[in-house]
Amino acid sequence: MSDKRMTEDEVVAELESGMTIGIGGWGSRRKPMSLVRALLRSDLTDLHVVSYGGPDVGILTAAGKCRKVTYGFVSLDSIPLEPHFRSVRQGGLLPEFMELDEGAFYLGLMAAAHRVPFYPTRAGLGSSMLANNPELRTVVSPYDDGEELVAIPAFEMDAVLIHMNRADQKGNGQFLGPDIYFDDLFAMAGEKTYLSAERIIPTDDFLKEGPVHTLRVPRTHVDGVVEAPMGAHFTECPPDYGRDEAFQKEYAATAKDPEHWARFRADWLELESHEAYRAKLDEKSAS
Amino acid sequence: MSTVGDELEGGATLDEICVVALAEAFRGDGETLCNPMGPVPVIAGRLARATFEPDLMLTDTIAYAIEGNLPLGADPSGATIEAYLPFRSIFDQVWSGKRHVVMGAPQIDRHGNQNFAAIGDDYSHPKVQLLGMRGAPGNLINHATTYWIPTQARSFVESVDVVSGPGYDAIARLPEPSRRFHEIRRVVTDLGAYDFETENGTMRVRSLHPGVTLEQAQAASAFELAVTGDVPVSRLPTAEELHLIRKVFDPSGVRKAEFR
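Residues numbered from 1 in each chain as written. Chains lettered and ligands numbered in written order. Predicted model: local features only at pLDDT ≥ 70, side-chain atom pairs only at ≥ 80, totals over all residues.

Trainee: I'm lost on the overall build of chain B in this one. Help?
Mentor: For chain B, the helix and strand inventory stands at nine helices and 13 strands. Relative to the 2.2 N^0.38 estimate, which gives 18 Å for 260 residues, the radius of gyration of chain B is 18 Å and therefore close to what a compact globule would have. Projecting the C-alpha coordinates of chain B onto the three principal axes gives extents of approximately 45 × 45 × 35 Å. For chain B, the proportion of its 260 residues judged to be buried stands at 50%. Excluding contacts between residues fewer than 6 apart, the proportion of contacts in chain B whose partners are at least 24 apart in sequence is 65%. (Helix = DSSP H or I, 4+ residues; strand = E, 2+ residues; numbered from the N terminus. Rg over C-alpha atoms; globule rule 2.2 N^0.38 Å. Buried ≥ 20, exposed ≤ 12 C-beta atoms within 10 Å, placed from the backbone. Contact = placed C-beta atoms within 7 Å.)

So this is what it looks like as C-alpha cells:
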C-alpha cells in the first residue's frame, strides 16, 4: 500500500500559478493553515481560491496571491468580517470574485464531486446573486412543472487542501470535531487532494480515536498526506484545540496598517516551515 | 422615545419589549427549526419555546439541536441533544422548508429587500464590504424570515445597494413556483414591529413600542410606512417572560449592548 506522506513544501511544489485551489474548513474553523502558509511563502500567483472563507482567503488575497475568489462569505467567526478581505474588497484589489449564497456553494462543490455540470436550486432567484455573477445561468425543469431554477456550476478545482484531526499514511482522513463541514466533498471534487492532519496514525487505531462515522474522507480521493500538529492554528480544531482568539485578534488588527501587516507576515506567516512556526508558538506561550 | 435604560410600564425595558416582539414572530410555527442570529433574537427564540411555542427546535449554534432553557453563551456540552445539525444538514433543512430564520438588515426597503452584503453602487469596489450573501438568497426563497434591526433610523432606506434577501416586489416578478415559499414574517426594530400584510406587499406598522409615536417611526424611515387602522402598542412582557429573560436566558444583560 502506498505511503502518501509529504511535506507542505512538497505539496506546494506540485501546484502551479493560475490554478484553482479549493480550501476546506469553514470560516475560522479547521483550516489547513500550514498549507496556506506554504502557499503564501511560495512564488505561486494568479490563484483562484474556492472556500467557505476564513483567514485562508484573508491572507492569500491580502498578499496579492489571488486572481479570483469563489465564496459564500469570508469570516473569522468571532470577528464576523475578515478584516484583510474587507480591505481588499474595499480597495477594489480583487480582480474577480464569485459571491454565492452559502448553500448554493455546497451545490457547486457537490456538482464537482459528482462530476455533473451543475445542481439546480431556487437560491439566488430574486436576489442580486444572478446580476452580480453574469456567468451564472438558469435551467428550466424538463418535467411538467417547468420551473426555472438557478444552475450552480460545478467548482472544478485543480487542487484541494483540507485539514483533518487524524489520517493514516494511505490518505484516509478522520474528523473528530462536531462538523466535517464540506471537506469530504472538497476531497472528491479536487483533481488532486492534499490532506494535512494533526497526527498520522496506524489505520488500526482510527476507532480508538472516534466512532466509525468520523471516517469520512476515503483514501481514493487523497493524493498526499502531511503530518501537521497544530496545522490549523490559529483556527479551531476541536477536540485537539480551540481557536487561538488572542492570536486571531492580533492577526485581525494588522489589517489596519500595511507596516504592521508586513511585520506580522514576516514574523509568523512567512516562517520557513511549519516546524519553525510551531517552535515560535511554543516560545510565545512559554513567555 | 424610550432607551434601554428607561423602565417602562410594567417594569420592562426596551430591549425586553424587542425580545418579546421577536418571540411573537415565532407564534404558530410549531415543529420548525428556529434559527435566530445574534443575542436578542436567540433570547427571543428560547423565550418563545419556553412559553407559548413549545415545539420549536433550537440549535446550540454549533452543530446540535438541544433541549432545555440554555442561558446565552453558556457551554452547551451538558445539554440534552435531540438532533445532529451540522452545516450541511442546516442547508438541507433550509431547502426542505421547516425553518424560520432571524437575520440582521443594515439596509431594508419598503418591499422588504434586505442588504447585508455590501454598501456602495459598485459591487466590484464596494464602499463597505459587509457579510456577503451568506445564506440570505436561499433562506428567503425557501422559508419564513424575520429581520431584527436595533437602529431603525439607520436601516430603513429608500433603496438597497445589493439585494441579499429578496423582498415582495422582487419575488412578485418571479413565476409562481418560485414564489410559493417566500415569507417575510416580521421586521422588529427599536421602535416597533412591522409586517407586509398589505395588498401590494409593502411594509406596514404592526405595533409600536410603548412611548413611540407614528410620527417618530415615520421620521426614522426613508420610505412611507403603511398603516391600516389603529396601530396597537407592542405587547409588554409577562412576569414569567421577564423572569426568563432576566434570570434564565441573559442574566448578564448581553442583549443591551445591541442598542448602543
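Following the structure, the description resumes.
Trainee: Where do I start with the overall build of chain A in this structure?
Mentor: Helix and strand counts for chain A come out as 11 helices and 11 strands. In terms of C-alpha radius of gyration, chain A reaches 19 Å, essentially the compact-globule figure of 19 Å for 287 residues. Projecting the C-alpha coordinates of chain A onto the three principal axes gives extents of approximately 65 × 50 × 30 Å. Each of the 287 residues in chain A was classed as buried or not, and the buried ones make up 51%. Long-range contacts, defined as pairs at least 24 residues apart, comprise 75% of the intrachain contacts of chain A with a sequence gap of at least 6.

Trainee: Teacher, can you tell me more about the sheet that holds strand E5 (residues 99-104) of chain B here?
Mentor: Whenever strands of a sheet pair, they do so through backbone hydrogen bonds, lying parallel or antiparallel. Residue and element names in this part refer to chain B. Taken in spatial order, the seven strands make up an open sheet running E2-E1-E5-E10-E11-E12-E13, and their pairing is mixed. The strands lining the two open edges of the sheet, one partner per strand, are strand E2 (57-58) and strand E13 (204-208). Running over the sheet, helix H2 (residues 39-50) touches strand E1 (33-36), E2, E5 and strand E10 (144-149) and is turned about 155 degrees from E1. (Pairing = 2+ DSSP bridges. Axes fitted to C-alpha atoms, helices over the stretch in contact; angles between N-to-C directions.)

Trainee: It is not clear to me how the interface of chain B and chain A should be interpreted in this structure. Could you clarify?
Mentor: When the parts of a complex come together, some accessible area is lost, and that lost area is often used as the size of the interface. Opposite the 34 residues of chain B that make contact, chain A presents 35 residues. Elements represented by at least two residues in the side of chain B that touches chain A include exactly helix H3 (87-96), strand E9 (128-129), helix H4 (136-142), helix H6 (168-172) and helix H7 (176-179) of chain B. If you tally residues by element for the side of chain B that touches chain A, the top one is H4(B), at five residues. When its residues are assigned to classes, the side of chain B that touches chain A shows 22 nonpolar, 10 polar and two charged. (Nonpolar A, V, L, I, M, F, W, Y, C, P; charged D, E, K, R; others polar.)

Trainee: For this particular structure, what's the right way to read the nonpolar core?
Mentor: In globular proteins that are soluble, nonpolar side chains generally tend to be buried together. Ranked by internal contacts, the top residues of the largest apolar core, which has 143 residues, are A:Val49, A:Leu109, A:Leu195, B:Val19, B:Leu22 and B:Leu47. Among the elements that make up this core, the one with the highest residue count is helix H1 (residues 14-24) of chain B (eight residues). Structurally, this core is a two-domain feature, drawing no fewer than three residues from each of domain 1 (8-100 + 155-286) and domain 2 (117-153) of chain A. Residues contacting B:Leu22, with those up to four places away along its chain left out, are B:Val40, B:Pro41, B:Ala44, B:Val102, B:Thr146, B:Trp148 and B:Val188. (Core = buried A, V, L, I, M, F, W, Y, C linked by C-beta atoms within 7 Å. Domains from an automatic or database assignment.)

Trainee: Just checking my understanding: could you explain the sheet that holds strand E6 (residues 137-140) of chain A for this structure?
Mentor: Residues and elements named next belong to chain A. Judged by pairing direction, the sheet is antiparallel, and its three strands sit side by side in the order E5-E7-E6 without closing on themselves. Only two strands of the sheet have a single partner each, and these edge strands are strand E5 (118-121) and E6. If you compare each strand with its neighbour and ignore which way they point, the axes differ by 45 degrees on average. As judged from the four bridges shared by E5 and strand E7 (residues 148-153), these two strands associate in the antiparallel manner. Each residue of the ladder has a partner; that of Pro-120, found in E7, is Ala-151.

Trainee: Please clarify how the packing of helix H2 (residues 33-41) of chain A against helix H3 (residues 55-62) of chain A should be interpreted in this entry.
Mentor: Two numbers describe a pair of packed helices, the interaxial angle and the distance between the axes. Residue and element names in this part refer to chain A. Look at H2 against H3: their axes get within 10 Å of each other, and the N-to-C directions meet at 5 degrees. The orientation of H2 with respect to H3, classified from their angle, is roughly parallel. Along the contact surface, H2 presents Val-36, Leu-39 and Leu-40, while H3 presents Asp-56, Ile-59 and Leu-60. Its residues placed into classes, the contact of H2 with H3 shows five nonpolar, no polar and one charged. (Parallel < 35°, antiparallel > 145°, perpendicular 65-115°, else oblique.)

Trainee: Any chance you could explain the domain arrangement of chain A here in plain terms?
Mentor: By the assigned domains, chain A splits into domain 1 (8-100 + 155-286) and domain 2 (117-153). Of note, the centres of domain 1 of chain A and domain 2 of chain A, computed from C-alpha atoms alone, are 30 Å apart.

Trainee: Could you clarify how one ought to interpret unusual backbone geometry in this entry?
Mentor: What is expected of a backbone is that most residues other than glycine have negative phi and most peptide bonds are trans. Residues and elements named next belong to chain A. Cis geometry is found at the peptide bond from His-233 to Phe-234, where omega equals 15 degrees. Its location among the elements puts Phe-234 in the loop between strand E11 (224-227) and helix H9 (245-253). A cis amide bond links Pro-238 to the next residue, Pro-239, at an omega of 5 degrees. As for its placement among the helices and strands, Pro-239 is situated in the loop between E11 and H9. One non-glycine residue, Asp-77, lies in positive phi territory at about 65 degrees. Even without being glycine, Tyr-181 reaches a positive phi, approximately 55 degrees.

Trainee: I would appreciate a short explanation of the confidence of the model for chain B in the present structure.
Mentor: Low pLDDT means the predicted coordinates in that region are not meant to be read closely. Confidence along chain B averages 94 in pLDDT terms, with 96% of residues attaining 70 or more. Two summary scores accompany this predicted model of the complex, namely pTM at 0.95 and ipTM at 0.94. (pLDDT = per-residue confidence, 0-100.)

Trainee: Looking at this structure, how should I read the environment of A:Ser196?
Mentor: All names here are of chain A. Positionally, Ser-196 belongs in strand E10 (residues 190-200). The class for Ser-196 is buried, based on 30 C-beta atoms found within 10 Å. Each C-alpha atom of the pair Ser-196 and Gly-224 lies 8.2 Å from the other, and the pair is 28 residues apart in sequence. For Ser-196, the residues in contact, after removing those within four places along its chain, are Pro-32, Ser-34, Leu-35, His-163, Val-226, Ala-228 and Gly-231.

Trainee: How do you make sense of the packing of H3(A) against helix H4 (residues 83-90) of chain A when you look at a structure like this?
Mentor: Residue and element names in this part refer to chain A. Their axes nearest at 7 Å, the elements H3 and H4 cross at an angle of 45 degrees. Classified by the angle between their axes, H3 and H4 sit oblique to one another. With respect to the hand of their crossing, H3 and H4 are arranged in left-handed fashion. Residues Val-57, Gly-58, Ile-59, Thr-61 and Ala-62 of H3 form the contact with H4, whose own contacting residues are His-84, Phe-85, Ser-87 and Val-88. Of the residues that constitute the contact of H3 with H4, the class distribution is five nonpolar, four polar and no charged. (Left-handed = near helix turned anticlockwise from the far one by under 90°.)

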